[in-house]
Amino acid sequence: MATTDFADLKVSTDDQLATQLAELKREQFNLRFQAATGQLERPGRVREVRRTIARIKTLQSARKAVAQAGA
């Protein structure tokens, strides 16, 4: 999976973000096990996944705040 830009995430729907978040959490889990067993090929990927998860969560909370303010 390639690095995801924040602009790409902003145009995604809420369902797409939720799906991508679940995939990234699964990948993060697998990367954690690879790191523990010494089989991690790209250590930088752990950082990328963690930051992309944070970007998605930030975007979801911002959308939620806007929806609550509009209601």
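Before reading further, recall that the structure is shown in the block above.
Residues numbered from 1 in each chain as written. Predicted model: local features only at pLDDT ≥ 70, side-chain atom pairs only at ≥ 80, totals over all residues. Heavy atoms only, no water.

## What to know about the overall build of the chain
Note the cut-off: Only DSSP runs of H or I covering at least 4 residues are called helices, and only runs of E covering at least 2 are called strands; the numbering of each starts at the N terminus. Atoms counted for the radius of gyration: C-alpha only. Globule rule: 2.2 Å times the number of residues to the power 0.38. Exposure classes here rest on a 1.4 Å probe applied to the protein chains alone. A residue is buried below 20% of its type maximum, exposed above 50%, and partly exposed in between. Note on definitions: a residue-residue contact is assigned when non-hydrogen atoms from the two residues lie within 4.5 Å.
Within the chain, the secondary structure is distributed over three helices and zero strands. Taken from the N to the C terminus, the helices and strands of the chain come in the order α-α-α. On C-alpha atoms alone, the chain measures out to a radius of gyration of 14 Å, which is more than a quarter above the 11 Å that the 2.2 N^0.38 rule sets for 71 residues. Seen through its C-alpha atoms, the chain measures out along the principal axes to roughly 50 × 20 × 15 Å. For the chain, the proportion of its 71 residues judged to be buried stands at 20%. A separation of at least 24 residues holds for 65% of the contacts in the chain among residues at least 6 apart in sequence.

## Remarks on the environment of K57
Its location among the elements puts K57 in helix α3 (residues 44–70). For the pair K57 and L17, spaced 40 residues apart in sequence, the C-alpha separation works out to 8.8 Å. Setting aside chain neighbours within four positions, we find K57 in contact with L21 and K25.

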